[in-house]
Amino acid sequence: MTDLAHIRNFSIVAHIDHGKSTLADRLIQFTGGLTTREMKDQVLDNMEIERERGITIKAQTVRLEYKAKNGETYTLNLMDTPGHVDFAYEVSRCLAACEGALLVVDASQGVEAQTLANVYQAIDMNLEIVPVLNKVDLPAAEPDRVKQQIEDVIGIDASDAIAISAKTGLNIEAVLEGVVTRLPAPKGKIGAPLKALLIDSWYDAYLGVVVLVRVIDGELNKGQKIRMMASGAAYQVERVGYFTPKQVLTDNLGPGEVGFITAQIKEVADTHIGDTITDDKKPADEALPGFKPAQQVVFCGLFPVDAAQFEDLRSALSRLHLNDASFTYEMETSAALGFGFRCGFLGLLHLEIIEERLEREFNLELIATAPSVIYRIHMTDGEVIELHNPADMPEVTKIEKIEEPWIRATVMVPDDYLGAVLKLCQDRRGEQIELTYAGNRAMVIYRLPLNEVVFDFYDRLKSVSRGYASFDYHLEGYHEGDLVKMSILVNEEPVDALSMIVNRQRAESRGRGMCEKLKDLIPRHLFKIPIQAAIGGKVIARETISALRKDVTAKCYGGDITRKRKLLDKQKEGKKKMRQFGKVDIPQEAFIAALKMDQD
Amino acid sequence: MTGFGLYIHWPFCAAKCPYCDFNSHVRPVIDETGWCDAIRTEMAHVAALQGDARPVVETIFFGGGTPSLTHGVSIAKILEQARRLWPWANDVEITLEANPASADASRFADYRAAGINRISLGIQALNDADLKFLGRLHNLAEAKAALALAQKTFDRVSLDLIYARPNQSVAAWKNELAEALAFDTSHLSLYQLTIEEKTRFATLYREGKFAIPDEDLAAALYEATQEITAAAGLPAYEVSNHARPGEEARHNLLYWRYGAYAGFGPGAHGRLELGGKRFASACERVPERWRERVARDGHGFVEWNEIAPADAAREHLLMNLRLVEGLDLGDYEKRWGTAPSPARIADLTSSGLVAFDGTRLRVTPAGMLVLNAVIAALID
């Protein structure tokens, strides 16, 4: 057990690509957590997908032993937090386990929207912030301008920001000194009843469910009977340890310490991020504040391209769920797509990650339907229904009103692209709240309906700003909207997987966009195919795919038969990747691509 | 069954045409006798496979490549081998594909003496500019002379044209076709120009060096072709083939009716019936390698497989529906134990693409234009 005065718990707040993972690598290397031979890039990002996308999905902690310039050795617990808005709650629990944070800002790019959200959260939680300017070795670095920007935008003193290059290793020791001298030591009472924060958990093939904890008060011992205060479940602690980042087993963790336990917990779903762990016999009086159950905000249907893969999809989902209990899934049937699952996610990135992991780690080919938010439908009889799937929309005559979720979005964008960004927000029914400048960057705050954001807002934002805009949001609340269900009819038959709930004013342009897209995506058939968008019985947009005009092989003799037959067989194989709807074959990519709008 | 034919592939050309993706090769010197002997060896191999059950030969076809680069004596030697190995019908149709260049035409009489009784002339276009574009070595005057000589020498002459060429209007094609009909051959093969992979045209086309008619124009050209030939008494009997009734190419009908045939020479394919089973053969494409194989093994087959009935059924359907006469569905089902689904047939009938009279399933003229899709729908 380390005494409180020699512990520092901190996390790193940074925008994607600003160098958080590289800095973490350097800190580990400098303090000797790993030898050079053991180092690989982004040590803390274990998942392939984390490394590839350069994002952190699961929280990780690492205990560093650092001998400071004052001659004393400190235990530093670095917490690597997820960096994306979808995981805002996970980030908040990570921050709650720290006393301070390093604010890492790219010295050439400056403060970005994501940084802002996380740093405000850290400030709100009374964390001490140490600004760090990274990439000062780059020719484009403007440390003074960025310091000024930190002061203007965030409102913290940046005069003694530490200038580093995580890539070259410049000034890494100064960062460690800053952690020791500028961040406060944790407080906590060793004699008090156990109170530990559940930061994160995951499934390990050898250890079972591993729970990451920060002890606030009391002691967490091997063999101790513990209780989860929110779930009420009790477990016997099997192992206690910490990461250096290698696993090291120990007997106990005391106040201020961060580490992990295993306790024969069967599923990750049994553990809840933010829960308080206490002693079963001598429980704490009250739980730590801030606990919230995971909340899914975006839903979509996932269907196997090959219907025969349905069972594989089911087992893949259940295996992924072992490790990530924050998404939900339940069986769904679609007339167009057959059997699949309706899944709920923390946000769009979370959706993409799960979909990608299913495809990559489980070798599945999937069709994802239009992402949907949760609508609150107030029925005329007073009942309130939460609608996750446009297909389940009740009859219009029985609906009194529909409410949709709104978000508060922060966009940071260079001046040159401001106009385009404002237009995008405006076109998506946004309401401007604030527009401020910091240097040549504008910060815009908008209220936006979430359903306008879930489709392709982020893609569009990146495209109109050539990648320079950054974006963050949090859910604000529900507001009544003029919403209707728009159906898409292909050859006169509604395709349920393409129906969606839209704002009435936006319906026509969306409907036209979808019809035009589908016209290009669906191959020509032997007959002409009308494509229509409709609200109720009223057609609001229409396109027609003309029939094939000429498709015949001019020469076909004795030597051509085998080739022709194989060509036909190949076509037939290709048809398996299409969904037959009535007499029309719809390629799988149409279901996704139809939703993306080229322009607003 | 539907008869038995022999196909002999002569793989050499004086020059490679830019549109052609057939198995053809240009060689400075050709040891004609050696190649003929190799073909005769391969013929003996197939006859041996057939054992005592050798079918009666009804048609023979010399294709290529350019078989009119050979001399009459080579043709005679190959036909002599065919006579020795198989029983012959009384009226064996023996066709040779010829280039209308003067050197080739000078051998017509020898071919006739060797036994050729039908000639197919690859004229391709009736103006010098287009002949040049198509990479042909002959000009129009030569072509006309060769045609006249062919018509004097042989009872049955067919000529080939390629249409839907770059910048060809319907009116221009109508004129050209009328000119072609005026030659009064009993058979015409009229192919729309298509860009085949791995040809010089494919590269030029990709580079945007020329354009070919779009679908609508191509369809209009096709329809005009059907109309004009029918009015002239040479209606289409297959997608690209037109003949006076009774003058159809019997050898090619064998392919389209999915009969049995043996293929000899580099790249040749065969479909043989042995012991109630159907086999596919395919020969090595590269001439020299084919010859090495023949010298070593007695044949140049690189593929020799039994065709599963389900595969054979699909092949039969895709070939037979090219014919205007269509397919006897009862016979088809008896032969393969499968048939296109009645629902699909009904579907395509209501769209006017096929017609079924209770016995024969025919593709309508409208259906012929989109035959590939019709076949795909029926096979699905």
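Scoring rules and cut-offs
- Residues numbered from 1 in each chain as written.
- Chains lettered and ligands numbered in written order.
- Predicted model: local features only at pLDDT ≥ 70, side-chain atom pairs only at ≥ 80, totals over all residues.
- Heavy atoms only, no water.
- UniProt positions renumbered as here; feature names shortened; annotations may be inferred.
- Helix = DSSP H or I, 4+ residues; strand = E, 2+ residues; numbered from the N terminus.
- Contact = heavy atoms within 4.5 Å.
- Areas by Shrake-Rupley, 256 points an atom, 1.4 Å probe, with all protein chains shown as cover.
- Expected span 1.5 Å × (residues − 1).
- Buried < 20%, exposed > 50% of the residue type's maximum accessible area, 1.4 Å probe, protein only.
- Buried area = accessible area lost by both parts, 1.4 Å probe.
- Salt bridge = Lys/Arg side-chain N within 4 Å of Asp/Glu carboxyl O.
- Polar contact = N/O pair within 3.5 Å; in protein donor to acceptor, adjacent residues only side chain to side chain.
- Nonpolar A, V, L, I, M, F, W, Y, C, P; charged D, E, K, R; others polar.
- Lys, Arg positive; Asp, Glu negative; His and termini not counted.
- Pairing = 2+ DSSP bridges.
- Axes fitted to C-alpha atoms, helices over the stretch in contact; angles between N-to-C directions.
- pLDDT = per-residue confidence, 0-100.

Under an unreviewed UniProt entry, chain B has the name Heme chaperone HemW and belongs to Rhizomicrobium electricum. The Function (unreviewed entry) field of the UniProt record for chain B holds the comment "Probably acts as a heme chaperone, transferring heme to an unknown acceptor. Binds one molecule of heme per monomer, possibly covalently. Binds 1 [4Fe-4S] cluster. The cluster is coordinated with 3 cysteines and an exchangeable S-adenosyl-L-methionine." Its UniProt record gives chain B the following Sequence similarities (unreviewed entry) comment, quoted word for word: "Belongs to the anaerobic coproporphyrinogen-III oxidase family. HemW subfamily."

The name that an unreviewed UniProt entry assigns to chain A is Elongation factor 4, with the source organism given as Rhizomicrobium electricum. Taken directly from UniProt, the Catalytic activity (unreviewed entry) text for chain A runs: "GTP + H2O = GDP + phosphate + H(+)".

It is worth spelling out the overall build of chain A at this point. Along chain A, the regular secondary structure elements total 14 helices and 33 strands. In chain A, 70% of the contacts between residues at least 6 apart in sequence involve partners at least 24 apart. Accessible area for chain A stands at about 25,000 Å²; split by element, carbon and sulfur atoms hold 48% of it.

What follows deals with helix H2 (residues 72-85) of chain B. Residues and elements named next belong to chain B. Here H2 spans 20 Å end to end across 14 residues, near enough to the 20 Å set by a 1.5 Å rise per residue. Those residues of H2 that sit buried are Gly72, Ser74, Ile75, Ile78, Leu79, Gln81, Ala82 and Leu85. Among the structural elements, strand S1 (4-10), helix H1 (32-50), strand S2 (57-64), strand S3 (88-98) and helix H4 (108-114) are those in contact with the buried residues of H2.

It is worth spelling out the interface of chain B and chain A at this point. Listed per partner, the contact involves 43 residues of chain B and 26 residues of chain A. Between chain B and chain A the total buried area reaches about 3,300 Å² when both faces are included, carbon and sulfur atoms providing 55% of it. It is Tyr191, Glu215 and Asn372 of chain B that lose the most area in chain B upon contact with chain A, and together they represent 17% of the buried surface on that side. Applying the counting criterion to the chain B and chain A interface returns six salt bridges. Residue arginine 565 of chain A pairs with aspartate 311 of chain B through a salt bridge whose shortest N-O separation is 3.5 Å. For the pair chain B and chain A, the number of links is 21 residue pairs in polar contact (both at pLDDT 80 or more). Taken together, the elements giving at least two residues each to the side of chain B that touches chain A come down to strand S6 (187-192), helix H9 (215-231), helix H10 (250-256), strand S10 (269-274), helix H12 (309-320), helix H14 (342-350) and helix H16 (371-379) of chain B. Top element by residues in the side of chain B that touches chain A is H16 of chain B. It accounts for eight residues. Across the side of chain B that touches chain A, the residue classes tally to 25 nonpolar, six polar and 12 charged.

All right, on to H9 of chain B then. All names here are of chain B. Its 17 residues place the ends of H9 24 Å apart at the C-alpha level, agreeing with the 24 Å of an ideal helix rising 1.5 Å per residue. Every buried residue belonging to H9 is among Ala218, Ala219, Leu221, Tyr222, Ala224, Thr225 and Thr229, and all of these are buried. Contacts made by the buried residues of H9 are with strand S5 (156-163), helix H7 (170-182), S6, strand S7 (236-238), strand S8 (241-243) and helix H15 (365-368). One or two residues past the end of H9 sits glycine 233, with phi positive at roughly 90°.

So, on to the side chain of aspartate 217 of chain A. All names here are of chain A. Of note, aspartate 217 is situated in strand S8 (residues 208-217). Notably, aspartate 217 is buried but unbridged: the nearest opposite-charge side chain belongs to lysine 189, and the N-O separation is 4.6 Å. Of the polar contacts made by the side chain of aspartate 217, one reaches the backbone nitrogen of lysine 189; its length is 2.9 Å. Look past the residues within four positions of aspartate 217 in its chain and what remains in contact with it is Gly188, Lys189, Ala192, Pro193, Leu194 and Lys195.

Before going further, it helps to examine the side chain of histidine 251 of chain B. Residue and element names in this part refer to chain B. Tracing the sequence through the fold places histidine 251 in helix H10. Histidine 251 gets classed as buried once you look at its relative accessible area, which sits at 0%. In this view, histidine 251 contacts Gly5, Leu6, Tyr7, Thr59, Ile60, Phe61 and Glu93; residues no more than four positions away in its chain are not counted.

This paragraph deals with the environment of alanine 150 of chain B. Residues and elements named next belong to chain B. The topology assignment puts alanine 150 in helix H6 (residues 140-153). Distance from alanine 150 to serine 120, taken between C-alpha atoms, is 9.2 Å for residues 30 residues apart in sequence. Not counting residues up to four positions away in its chain, the partners in contact with alanine 150 are Phe108, Ile119, Leu121 and Val157.

Let us now look at the sheet that holds strand S7 (residues 195-204) of chain A. All names here are of chain A. Sheet architecture is open: eight strands sit in the order S11-S10-S16-S7-S8-S15-S12-S13, paired in antiparallel fashion. Two strands close off the open sheet at either side, each with one partner strand: strand S11 (234-236) and strand S13 (247-250). With direction set aside, neighbouring strand axes in the sheet form an average angle of 40°. Pairing of strand S10 (residues 225-228) with S11, which is carried by three bridges, proceeds in the antiparallel orientation.

So, about the pattern of salt bridges. For the structure on display, the rule yields 50 salt bridges over all chains. In this structure, the salt-bridge partner of glutamate 356 of chain A is arginine 360 of chain A, at a minimum N-O distance of 2.3 Å. Separated by four residues within a single helix, glutamate 356 of chain A and arginine 360 of chain A lie in helix H8 (residues 348-361), roughly one turn from each other. A relative accessible area of 30% places arginine 360 of chain A in the partly exposed class. Here aspartate 357 of chain B and arginine 362 of chain B are joined by a salt bridge, their closest N and O atoms 3.2 Å apart. A relative accessible area of 49% means that aspartate 357 of chain B is categorised as partly exposed. The network of salt bridges with shared partners includes Arg565 and Asp569 of chain A together with Arg271, Asp311, Arg314 and Glu315 of chain B.

Quick look at the environment of arginine 118 of chain B now. Residue and element names in this part refer to chain B. Relative to the assigned elements, arginine 118 resides in strand S4 (residues 118-124). Remark: the alpha-carbon pair of arginine 118 and glutamate 93, spanning 25 residues in sequence, is separated by 7.0 Å. Discounting residues that sit within four places of it in the chain, arginine 118 has contacts with Glu93, Ile94, Thr95, Leu96, Phe154, Arg156, Ser158, His187 and Ala249.

Let us look at the UniProt feature "binding site: GTP" (unreviewed entry) in chain A. All names here are of chain A. Per the UniProt record, "binding site: GTP" (unreviewed entry) is annotated on Asp17, His18, Gly19, Lys20, Ser21, Thr22, Asn134, Lys135, Val136 and Asp137. In this structure, glycine 19 sits in the loop between strand S1 (7-14) and helix H1 (20-30). Given the relative accessible area of 12%, glycine 19 is considered buried. Its location among the elements puts serine 21 in helix H1.

Moving on, we come to the confidence of the model for chain B. With 99% of its residues at a pLDDT of at least 70, chain B reaches an overall mean of 96. For this predicted complex, the interface confidence reaches an ipTM of 0.93, while the overall pTM sits at 0.69.

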